[in-house]
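Fold and geometry: a report
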Amino acid sequence: MNNLYNTNANKEKDDLISSLKELKLKGYFDFENISNVAFDFGNTYHLQPMAVLYPKTVNDISTTIKHVFKNGNVYPQLTITARGHAHSLQAQSQNQGGIVISMESLEEAEVYVESEKQPCYADVSGGELWIKLLRETLKYGLTPKSWTDYLNLTVGGTLSNAGISGEAFKHGPQIHTSNVLQLQVVTGKGDIVNCSEQQNSDLFYGVLGGLGQFGIITKARISLQPAPKLVKWIRVVYSEFNLLTKDQEYLILSSNDSFSFDYIEGFVLTNIVNNWTSTFITKQQLRVIQSVSQGKLLYFLELAKFFNPQDQTLVNRKTEKMLSKLKYIPHTLMESEVGYVDFLDRIHPSSEFRLEVIEYPNISFPWINLLIPKSKIHLFGAEVFGHILANISYNPILIYPFNQSRWKDKTSVVTPEEEVIYLAAFVSQAKINSSGMDGLENMLAVNQRILEFTEKAELGVKQYLPFHETQDAWRAHFGKRWKLFAQRKLAYDPLSILAPKQRIFPRGQPILL
Ligand code: FAD
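Here is what the cut-offs are and how they apply
Sequence order sets the numbering: in each chain, residues are counted from 1 along the sequence as written. Local features in a predicted model are, by the rule used here, given only for residues with pLDDT of at least 70; side-chain atom pairs are given and counted only at 80 or more, and totals for whole chains, interfaces and linings are based on all residues. Side-chain figures throughout are based on the complete set of non-hydrogen atoms in the structure, without hydrogens or water. A run of DSSP states H or I qualifies as a helix once it reaches four residues; a run of E qualifies as a strand once it reaches two. Both are numbered from the N-terminal end. Only C-alpha atoms enter the radius of gyration, while the globule expectation follows 2.2 Å times N to the 0.38, with N the number of residues. Three exposure classes are used, based on accessible area relative to the maximum for each residue type with a 1.4 Å probe and protein chains only: buried under 20%, partly exposed in between, and exposed over 50%. Residues are treated as being in contact if the distance between any of their heavy atoms lies within 4.5 Å. The split into domains, and so the bounds of each, comes from an automatic or database assignment of domains. Throughout, the accessible surface (probe 1.4 Å) given up by two parts as they are put together, summed over both, is called the buried area. By definition, a salt bridge exists where a carboxyl oxygen of Asp or Glu is found within 4 Å of a side-chain nitrogen of Lys or Arg. Lys, Arg, Asp and Glu make up the charged group, whereas Ala, Val, Leu, Ile, Met, Phe, Trp, Tyr, Cys and Pro make up the nonpolar group; the residues left over, Gly among them, are polar. Only heavy atoms are used to decide nearness, and a residue is near a molecule or strand if one of them lies within 4 Å of it. Using a 1.4 Å probe, accessible areas were evaluated by the Shrake-Rupley method; residue-level cover was limited to the displayed protein chains. Strand pairing requires that DSSP identify at least two bridges connecting the strands. Only buried residues count toward a nonpolar core. Its members are Ala, Val, Leu, Ile, Met, Phe, Trp, Tyr and Cys residues joined through side-chain atoms within 4.5 Å. Axis definition: a line fit to C-alpha positions, over the contact stretch in the case of helices; interaxial angles, taken between N-to-C directions, run 0 to 180 degrees.

**Re the overall build of the protein**
Looking only at helices and strands, the protein features 15 helices and 20 strands. The C-alpha atoms of the protein give 23 Å as radius of gyration, which agrees with the globular expectation for 513 residues (24 Å, within 12%). Projected onto its principal axes, the C-alpha positions of the protein cover 75 × 60 × 45 Å. Out of the 513 residues belonging to the protein, those deemed buried represent 58%. Partitioning the contacts of the protein with sequence separation of at least 6, the portion at a separation of at least 24 is 75%.

This is the structure:
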């Protein structure tokens, strides 16, 4: 029986490979070097697909999806995953036994910049990295407005989540419709659709923050503004969490005044030991930290003001005035001036992260990202920083607020129901085979304790870059927005072909509203 099953499975696979080889494409399938895509930044899962498509054109993607969709009964398990820069953590950009589409190989990747019309915009491939988009738009003196902390991520990859950083309080996330004006999407039926707020708006909103469930973003129109040349970059330290959050909230809410910062973040360092170092902190900053730390938790506010050289004096004066209103520990002011690109491109986990995965096979990144309503942030801080992480080095934890008014629209992403919400990003690394506190199992257990606490205390927290293993957990995540999410799945990817490793809609099972 087993042999018969294997023989049938092998024949089905051979037929599928032959049928894919017959497709008329400008790009090509690779059926051999599949381990090239069997990893991601998280370094926990290594799933082998059956084939990798290196598309040259959007038609290559459409033709492939149409083929799989039309033969849905013949290949009832076959799924397709768009792979951006694979910076997801739990295999979301991988595929077991199906097809991975390498989005970065799209040749229609040239960035077109429209600098005459208002608003100015760039048309860019969904597989393009944000750092490359930035370099292109700067040639016209222009820049996108909303960023992530790290720029080696693809446009399609971040738009499938939300794309947030310290600019989000001012410009909203990257998926806000003032930042992304239009998309070209290939749906789960293989249709190529242009969409925007005016045209096919349901698909447009659905795809933004849609975790790759409704279509593959092949092009995006990103809104631009004039680029500044310089950045005043500031870090200050607080002894108490509530002083940090009070100042952060004051700063984001005064963002409509004549002077406001352009970037507001913050982070917490727990249990700093004497020999602790981090690429995140300069040596000079480390000395300041050690002078005030004494084994305590430390809270940092991080600010940036973008400006041009002719405004230097004014910016200095206004920054000083604004800082004088804040309650940080006085001698902890750390200030520098850097170029705009140097600031945006400040994080370099690795220049080629695949090499890093090979070089450090024992390191994993068990990150969790939580969105917390402002009214619960102190309860959260007291338990998580004060108890759960009290004796653990779990650094850094990014924490910063933004206004929902700059965020909420009809996109797929779900956030807590309050005007001001905080992001808490636990972005540590773990040793895969260690049983110490920095071992993967221990760190996952700590993450679990944090998640269980937020649920038990009913804080109304939502995961950002969400990871859930069952459909019930996804239903709870989406809450009353589940029905719309599932309806969109039925409309645009009724066979559940796309992005299976988000683990929301299993292929071959009915989509239940
Ligand atoms: P991938 O990991 O390749 O894909 C992620 C998901 O999106 C997969 O399900 C995939 O199938 C789908 N997908 C990919 N491309 C497309 C497409 N074109 N169309 C449709 N679906 C697609 N996020 C923030 O918001 N702010 C940050 O500051 C931030 N910093 C980060 C720093 C690091 C070092 C890392 C590892 C991650 C960070 N992230 C941040 C998270 C990041 O935004 C997401 O993991 C994002 O999905 C990564 O983009 P990617 O191109 O690597 O996508």
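**As for the domain arrangement of the protein**
How big an interface is tends to be reported as the loss of accessible area on association of its parts. We note that the domain assignment places domain 1 (112–226) and domain 2 (230–344) within the protein. Contacts between domain 1 and domain 2 engage 12 residues on the former and 13 residues on the latter. Taking both partners together, domain 1 and domain 2 bury about 1,100 Å²; carbon and sulfur atoms supply 59% of that area. Per-residue buried area on domain 1 facing domain 2 is highest for E167, F169 and K170; these three make up 47% of the total on that side. K170 is paired through a salt bridge with D262; the nearest N and O atoms lie 2.9 Å apart. Looking at the side of domain 1 that touches domain 2, the elements that each hand over two or more residues are α3 (130–138), β7 (142–144) and α5 (168–171). Along the lines of polarity and charge, the residues of the side of domain 1 that touches domain 2 split into 6 nonpolar, 3 polar and 3 charged.

**Things to note about the site of the ligand**
If you check the shell around the ligand, you find 34 residues, and the closest are A82, G84, D149, T154 and Y464. Protein coverage of the free-state accessible area of the ligand, which is 960 Å², stands at 95%. Those elements that place two or more of their residues in the shell around the ligand are β3 (80–83), α4 (155–159) and β10 (215–226).

**Here's the deal with the pairing of strand β6 (residues 121–125)**
Of all 5 residues that make up β6, 5 are buried, and the element is covered over most of its length. In β6, alternate side chains face the same way, and those of Y121, D123 and S125 on one face and A122 and V124 on the other are all buried. In this sheet, β6 lies alongside strand β5 (residues 112–114) in antiparallel orientation, the contact comprising 3 bridges. Across the sheet, V113 pairs through a bridge with A122, a residue of β6. Where β5 folds back onto β6 in an antiparallel hairpin, the turn is made up of 6 residues. Relative to β10, β6 runs antiparallel, the two being bridged by 5 bridges. Along β10, the bridge assignment pairs S125 with K219.

**Looking at the side chain of T218**
Tracing the backbone shows T218 in strand β10. Given a relative accessible area of 3%, T218 falls into the buried group. Among all residues touching T218, those that are not within four sequence positions of it are V58, I61, M103, L106, V124, S125, G126, Q184, V185 and V186.

**Here's the deal with the nonpolar core**
If you look at the biggest cluster of nonpolar residues, it comprises 126 residues, and the most contacted ones within it are L183, F380, F385, L389 and F426. Taken together, domain 1 (112–226) and domain 2 (230–344) each give at least three residues to this core, which thus spans both. The contact partners of F385, leaving out residues within four places of it in the chain, are F241, V268, L297, Y299, F380, A390, I397 and I399. If you look at the next biggest cluster of nonpolar residues, it comprises 24 residues, including I65, L78, M103 and L498.

**Describing the sheet that holds strand β2 (residues 51–54)**
The strands that make up a sheet pair up through hydrogen bonds in the backbone, lying either parallel or antiparallel. With mixed pairing, the 4 strands of this open sheet are ordered in space as β1-β2-β4-β3. What marks the edges here is a single partner per strand, and that holds for β1 (28–30) and β3. The mean angle between the axes of side-by-side strands here comes to 25°, regardless of whether they run parallel or antiparallel. Here 3 bridges tie β1 to β2, and the two strands are oriented antiparallel to one another. Each bridged residue has a counterpart across the sheet, and for F29 the counterpart in β2 is L53.

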